[in-house]
Amino acid sequence: MQNHYLALINQQILLAAADALRTQDAHLINQLGLGSIDETTANQLKQVSADRLACLSNFRGTLLDVRLNAQNLRIFLGFANDKVGEDDLINKAIRAGMRQTMLEELKGIGRREFSSRRERMGLPEHTRGRIEVLGESDELKVLKVWGKLTHISDPLERYLALHSETGIGLDQAYITIKQLA
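Model, not experiment: these values are computed from the prediction. (Residues numbered from 1 in each chain as written. Predicted model: local features only at pLDDT ≥ 70, side-chain atom pairs only at ≥ 80, totals over all residues. Heavy atoms only, no water.)

Chemist: Tell me what's going on with the layout of surface pockets, and back it up with residues and numbers.
Modeler: Of the pockets and cavities examined, the largest pocket occupies roughly 750 Å³. Residue assignment for the lining of the largest pocket shows that the elements contributing at least two residues are α1 (2-23), α2 (26-31) and α3 (39-46). (1 Å grid on protein atoms, 1.4 Å probe; cavity = no way out; pocket = protein on both sides within 12 Å on 5 of 7 lines; lining within 4 Å. Points joined across faces, edges and corners; volume = space filled by probe spheres on them. Helix = DSSP H or I, 4+ residues; strand = E, 2+ residues; numbered from the N terminus.)

Chemist: Tell me about helix α6 (residues 100-107), and please be specific about residues and values.
Modeler: Three or four residues apart is the spacing at which side chains of an α-helix point the same way, because the helix has 3.6 residues per turn. Regarding α6, the residues found buried are Gln100, Met102 and Leu103. Along the axis of α6, the buried positions cluster into a sector of 155 degrees, meaning they face one direction only. Among the structural elements, α5 (70-95), α7 (111-120), α9 (155-166) and α10 (170-180) are those in contact with the buried residues of α6. Count one or two residues on from α6 and you reach glycine 108, which has phi positive near 75 degrees. (Buried < 20%, exposed > 50% of the residue type's maximum accessible area, 1.4 Å probe, protein only. Arc of directions from axis to C-beta. Contact = heavy atoms within 4.5 Å.)

Chemist: Got a sec to walk through α7? Specific residues and values, please.
Modeler: Taken together, the buried positions of α7 are occupied by Phe114, Arg117 and Arg118. Burial along α7 is one-sided: seen end-on, the buried residues are contained in an arc of 100 degrees. More than 90 degrees from the buried face of α7, the exposed residues found are Arg112, Glu119 and Arg120. Immediately downstream of α7, the backbone of glycine 122 shows phi near 75 degrees, a positive value.

Chemist: Help me get a handle on the packing of aromatic side chains, residues and values and all.
Modeler: For the structure shown, the criterion picks out two aromatic pairs. Geometrically, the ring pair formed by tryptophan 146 and tyrosine 159 is tilted, given 4.5 Å between the ring centres and 40 degrees between the ring planes. Within this pair, whereas tryptophan 146 is found in helix α8 (residues 136-148), its partner tyrosine 159 is found in helix α9, the two being separated by 13 residues in sequence. Residue tryptophan 146 shares its accessibility class with tyrosine 159, and that shared class is buried. Measuring from ring centre to ring centre gives 5.4 Å for tyrosine 159 and tyrosine 174, while their planes differ by 35 degrees; the resulting arrangement is tilted. Of this pair, tyrosine 159 sits in helix α9 while tyrosine 174 sits in helix α10, and the two are 15 residues apart along the sequence. On the basis of relative accessible area, tyrosine 159 is assigned to the buried category, the value being 4%. Aromatic ring contacts, followed pair by pair, group Trp146, Tyr159 and Tyr174 into a single cluster. When the ring centre of tryptophan 146 is taken as origin, the NZ or CZ atom of arginine 158, which lies over that ring, is 3.9 Å away. (Phe/Tyr/Trp six-rings, centres within 6.5 Å; stacked < 30°, edge-to-face > 60°. Lys NZ or Arg CZ within 6 Å of the ring centre and 35° of its normal.)

Rendered as C-alpha cells:
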C-alpha cells in the first residue's frame, strides 16, 4: 500500500515539475529543486507522458525527498482548526434559527452557501416572511443576557451563547438586539 502512495506522489511531482518547466514557473522550479537541472533532462521532463509515468511502479529509486515544513504545518493546522470551528458555529447558528441575511452581515455567508448548508444538515427550506416579534418579558431576557455576554468578542459566538442561555430563536433575538440594544 505504501508503494502505491509513493508511486502516486512520484507521479504527481513529475507532472508538477513538467508543468513548471513548460510554463517557466521559476518559483516552483526552484521550490522543487530543479533550478540547476541540465537542459537535456529539462526537455525530457517537459515531454513526460502517460506511458513514461506508467513505468514509475517498476522504478526502485526515489525521485524526491519529502519533508514537512514544521512552521507551515503548524500554521495550516491552526488555520484548519479555526476554519472548522467557524463552520461549526455557522451551522449551529443556522440550526438555532439565524437567517441568511443575518449570517451574511456577521460572516459573509451568501444565499447559495446558506441553502447548501441547510440541505447538508437535512433542514427544510427556510420559511420566508416576517420574524415573529418577542413579547416584552422575552425582549428583556434577551437584552439582559446579551449585556451579560460582553466578554465574548465574536458576535456569532455571543449570539449562540445567548441562544444557549435563553432558548430563544436567533432570528428573533437578532432583531430584538438590532432594534433595542
